[in-house]
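Structure at a glance
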Amino acid sequence: MRIVNSNKLKPGDTVGRDVLTKHGSIFIAKETVLTEHMIYKLISLGVDNVHVKDLEELIDYESIPRPKPPEDIVEFTDKYQQALFLTGELLDAIASGKKLETEMIREIVDIVYGQVMSTNNILGRLTYQKHDNQYLNKHSLNVAILSGIIGKWLNRSNGEVRRLIFAGLTHDLGKLKVPKRILDKPSRLTDEEFKEMQKHSAFGYQLLNTKADISKDVALAVLQHHEREDGSGYPTGLKGEAIHLFGKILAVADVYDAMSSNKNYRDKFSPFQVAEQIAQNSFGSMDPRVSRVFLDNISRFYVGNSILLSDGKIGDIIYINPSEPTRPVIKLETGDFLDLSKSKLKIIDILG
Ligand SMILES: [Fe+2]
């Protein structure tokens, strides 16, 4: 919603808040679509400003019909659900004080590794896996998948890709040692609570580092997944090359999943919007090599996908501009072309 000077109102604008007379009665009710005559009346009555709804607030994105998911999504979904079930069991076991079973983690790593190596458009597939109340389970699994895929894009060895998946899966394990009232608090954390929450990376490290059969770089990645290139992270405020490559990869995967997984359309970001954010951060808090490879691949995988734009229109991505990979050229359903690098519209969802 924005506040518009009455002289700048246009016929067709939708009123966002009731416009009241001097006596407090409603002159024009919210949701009214303004006509030229109404605008004239507003100005002549001396109403200076009116709340006007933005285009994006007027669209019911949920009601827009989506194309059917492609066939090969079925296999991925099947494996994803299988891995998700096991991730749930793993986290439940830790939460109830049981010892960490490395074998159980390896079983999940095997499933994820198989998918990371064989699924072509894994990010596109991930967007079909809806988020719900199993947030920590899904977030852990998604960060495992994303860390693995980034490792693959960075041409790391197969062993390293497996360890990245392992680290992604266990990156927030330490949260199970943070008091539940803080973990599940729906409102903003106080400074003190936030400090408690920040301890989760060290808790996770302690859990993993004591196991002889867990590689040191996995434990280190978990410890460092909230460190940032410019030293603004925690727990130590390490900078640049002092942070292990695995920690940097986990950081990008973690931020990407957290931003793309909000249930609410208004707060959720499409992979393109998230990639844009990561790109903007890449010379500050994120490692530029890791974010670049991520950005390039995201864009590449989405050519040919149909997408939903912020004005409610549907189109296909047909060309990625290498200098601005997050703002591709779209072919709209009408047959018209739209160059997003020259438009304010955003891609708000990938439809498949
Ligand atoms: Fe974390």
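What you see is a predicted model; the values in this text were computed from it and never measured.

The next point concerns the sheet that holds strand β5 (residues 306-309). As summarised here, the arrangement of the five strands in space is β8-β7-β6-β5-β9, forming an open sheet in which the pairing is antiparallel. Of all strands in the sheet, those bounded by a partner on one side alone are β8 (337-339) and β9 (347-350). Pairs of neighbouring strands in the sheet enclose a mean axial angle of 40 degrees, with direction left out of account. In this structure, strand β6 (residues 314-319) lies alongside strand β7 (residues 329-332), joined through four bridges in antiparallel fashion.

Further remarks concern the nonpolar core. Judged by nonpolar contacts, the single largest core of 76 residues is most densely connected at Leu-141, Ile-145, Ile-150, Leu-208, Tyr-256, Phe-294 and Ile-347. Ranked by the residues each element gives to this core, the list is headed by helix α12 (residues 245-260), at 10 residues. When we break this core down by domain, the ones giving at least three residues each are domain 2 (70-302) and domain 3 (306-350). Sequence-distant contacts of Ile-150, that is, excluding residues within four places in its chain, are made with Ile-249, Val-252, Ala-253, Val-290, Val-293 and Phe-294.

Moving on: the coordination of the iron ion. Donor atoms from the polypeptide that bind the iron ion are Asp-172 (OD), His-200 (NE2), His-225 (NE2) and His-226 (NE2), placed at 2.2 to 2.3 Å. With four donor atoms in place around the iron ion and angles of 82 to 170 degrees between them, the coordination shape is irregular. His-225 sits in the buried class, given a relative accessible area of 0%.

Right, let's get into the packing of aromatic side chains. The description of two aromatic rings rests on the distance between their centres and on the angle between their planes. Counted under the stated rule, the structure contains four aromatic pairs. Here Phe-76 and Tyr-80 contribute two aromatic rings whose centre-to-centre distance is 6.0 Å and whose plane-to-plane angle is 40 degrees, an arrangement assigned as tilted. Placement of the pair is Phe-76 and Tyr-80 together in helix α3 (residues 73-95), with a separation of four residues, close to one helical turn. Accessibility expressed as a relative area gives 2% for Phe-76, which makes it buried. Pairing Phe-194 with Tyr-234 gives two aromatic rings, centres 6.5 Å apart and planes at 80 degrees, and the pair type is edge-to-face. In this pair, Phe-194 sits in helix α9 (residues 191-198) while Tyr-234 sits in the loop between α11 (216-224) and α12, placing the two residues 40 residues apart along the sequence. Ring pairing ties together the aromatic residues Trp-153, Tyr-256 and Phe-294, which thus form one cluster. Above the plane of the ring of Tyr-113 lies Arg-162, whose end atom (NZ or CZ) is 4.7 Å from the centre.

Moving on: the confidence of the model for the protein chain. Atomic detail in the predicted coordinates should be set aside for any region of low pLDDT. Residue-level pLDDT values for the protein chain average 85, and 89% of them are 70 or greater. When mean pLDDT is taken per element in the protein chain, helix α7 (residues 158-170) scores highest with 97 and helix α2 (residues 55-58) scores lowest with 69.

Procedures and definitions
Residues numbered from 1 in each chain as written. Predicted model: local features only at pLDDT ≥ 70, side-chain atom pairs only at ≥ 80, totals over all residues. Heavy atoms only, no water. Pairing = 2+ DSSP bridges. Helix = DSSP H or I, 4+ residues; strand = E, 2+ residues; numbered from the N terminus. Axes fitted to C-alpha atoms, helices over the stretch in contact; angles between N-to-C directions. Core = buried A, V, L, I, M, F, W, Y, C linked by side-chain atoms within 4.5 Å. Buried < 20%, exposed > 50% of the residue type's maximum accessible area, 1.4 Å probe, protein only. Domains from an automatic or database assignment. Contact = heavy atoms within 4.5 Å. Donors = N, O, S within 2.8 Å, 3.2 Å for Na, K, Ca; no water. Tetrahedral: all angles 85-135°; square planar, octahedral: opposite > 155°, others 65-115°. Phe/Tyr/Trp six-rings, centres within 6.5 Å; stacked < 30°, edge-to-face > 60°. Lys NZ or Arg CZ within 6 Å of the ring centre and 35° of its normal. pLDDT = per-residue confidence, 0-100.

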